[in-house]
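# Inside the fold
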Amino acid sequence: MRKDIVVDVSAADRARLEAIVTDRNSPQKHVWRARIVLLTGEDLGTVEIMRRTGKSKTCVWRWQERFMQAGVDGLLRDKTRPSRIPPLGAEVAARVVALTQTDPLGETTHWTAGMMAKTAGISVSSVQRIWRAHGLQPHRVRQFMRSTDPQFVGKLRDIVGLYVDPPAHAVVLSVDEKSQIQALDRTQPGLPMKPGRAGTMTHDYKRHGTTTLFAALNVLDGSVIGRNMQRHRHQEFIRFLNAIEAQVPVQKSIHAIVDNYATHKHPKVRQWLIRHPRWTFHFTPTSASWLNAVEGFFAKLTKRRLKRGVFLSVVDLQAAINRFVVEHNAEPKPFTWTADPDKIIRAVRRGHQVLDSIH
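Residues numbered from 1 in each chain as written. Predicted model: local features only at pLDDT ≥ 70, side-chain atom pairs only at ≥ 80, totals over all residues. Heavy atoms only, no water.

A few words on unusual backbone geometry. Look at Asp 43: it is not a glycine, yet its phi comes out positive at around 65 degrees. Classification of Asp 43 as exposed rests on a relative accessible area of 71%. (Buried < 20%, exposed > 50% of the residue type's maximum accessible area, 1.4 Å probe, protein only.)

Let us look at the pairing of strand S1 (residues 170–186). Extensive coverage of S1 is indicated by the burial of 13 of its 17 residues. Two strands pair when backbone bridges link them, and S1 and strand S4 (residues 253–258) are joined in this way by 5 bridges, in the parallel orientation. Paired with Leu 173 across the bridge in S4 is Ala 256. As defined by bridge partners, S1 adjoins strand S2 (residues 205–218) across 11 bridges and the pair is classed as antiparallel. (Helix = DSSP H or I, 4+ residues; strand = E, 2+ residues; numbered from the N terminus. Pairing = 2+ DSSP bridges.)

Attention now moves to the nonpolar core. A general feature of soluble globular proteins is that nonpolar side chains tend to end up buried together. Judged by nonpolar contacts, the single largest core of 33 residues is most densely connected at Leu 156, Tyr 163, Leu 213, Phe 297, Leu 306, Leu 317 and Ile 321. Of all elements in the fold, only helix H8 (152–164), S1, S2, helix H11 (294–306), helix H12 (314–330) and helix H13 (341–358) reach the threshold of two or more residues within this core. Leaving out residues up to four positions away in the same chain, Phe 297 has contacts with Leu 213, Val 224, Phe 324, Val 325 and His 328. Residues Val 171, Phe 240, Leu 241 and Phe 281 belong to the second largest nonpolar core, which totals 20 residues. (Core = buried A, V, L, I, M, F, W, Y, C linked by side-chain atoms within 4.5 Å. Contact = heavy atoms within 4.5 Å.)

Following both chains from N to C, one finds helix H2 (residues 28–41) and helix H4 (residues 57–75) inclined at 100 degrees, their axes separated by 10 Å at the closest point. Between H2 and H4, the angle falls in the class roughly perpendicular. Residue-level contacts link His 30, Trp 32, Arg 33, Ala 34, Ile 36, Val 37 and Thr 40 of H2 to Cys 59, Val 60, Trp 63, Gln 64, Phe 67 and Leu 75 of H4. Residues belonging to the contact of H2 with H4 are distributed by class as follows: 9 nonpolar, 3 polar and 1 charged. (Axes fitted to C-alpha atoms, helices over the stretch in contact; angles between N-to-C directions. Parallel < 35°, antiparallel > 145°, perpendicular 65-115°, else oblique. Nonpolar A, V, L, I, M, F, W, Y, C, P; charged D, E, K, R; others polar.)

Moving on, we get to the pattern of salt bridges. Side-chain pairing between opposite charges can occur once the charged atoms of the two side chains come close. The tally for this structure, following the rule as stated, stands at 9 salt bridges. Between Arg 157 and Asp 342 there is a salt bridge; the shortest N-O distance is 2.6 Å. Residue Arg 157 is found in helix H8, and its partner Asp 342 is found in helix H13; the two are separated by 185 residues along the sequence. Bridged by salt links that share partners, the residues Lys 29, Arg 33 and Asp 78 form one connected network. (Salt bridge = Lys/Arg side-chain N within 4 Å of Asp/Glu carboxyl O.)

Its location among the elements puts Ile 358 in helix H13. The class for Ile 358 is exposed, based on a relative accessible area of 59%. As for Ile 358 and Arg 77, which are separated by 281 residues in sequence, their C-alpha atoms are 53 Å apart.

Bringing helix H5 (residues 90–100) into the picture now. Here H5 has its buried residues at Ala 93, Val 96, Val 97 and Thr 100. For H5, the angular spread of the buried residues around the axis is 100 degrees, confining them to a single face. Close packing links the buried residues of H5 with helix H6 (113–120) and helix H7 (124–133). (Arc of directions from axis to C-beta.)

As structure tokens, this is what we get:
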């Protein structure tokens, strides 16, 4: 042992070191470091410790010195080593961030890590590290639709008012259509899910026709009135309105929230509304169908029943949709609006200002 190294192994340290050596779950590097110190505490020489542990003289000296300086805890951690590659300067990161926010060269729509690495003259991992640190994700894009309706604020407050404080002795219905629902049959049967493997289905399919689902969500209790029809015209819409009219008690007025689809504003539909004075249509703002509560039901239907469904015919598809509606109505949940309309209005105005300043 080097003359400048003094190893004093106390009883407590010896107990910890022996526990590390005997523990089968201890990392091997911790085991042989502990053995070096234990053998040193038995006053064995460096050559004998080298023979018993299979380590070099410099390795034995290093961990004897580490124990002398930091105790047992020093054996359980490695010192941080400086990177062999010098770190990138702040100007490189700033250049990568600035380039990422511009359009790439050539006929490409967005930057990739490889393209940026080649342009900036750094590695791909460095580009990814800079992007991660600055919250940049060029491969992702979020879709939006700015409503240009001049009556956006009034319509928003009107519909949110129906959700939050519906009129007395009235039924509030969110009405819309999910058109062109395809009856898709897979070309080959898929494999079921099992541990370690997801279920499978072919990417190609056979079309057996389409159907249109007319649905009205009662926001007070969450129940849905649904009808499948072959086409998506004002005639079918009037038939659906008649079906709703027959189910809603006559003593209640009906407030229907609908979007701006031309079918809902057809002259024949307007004449039908005149003949049924208890009905009132509330139109969502242009490009704001997200205000219509029934869209949530359509999303649920698509995700849980249609996306992975296999349908041999349109009749099979319609029967599956009808069963889904029945199951939904067995345990309906009232629709609850939670968003603050004032925050929505402020966000829309900020979006208008930003887009107008850019374009």
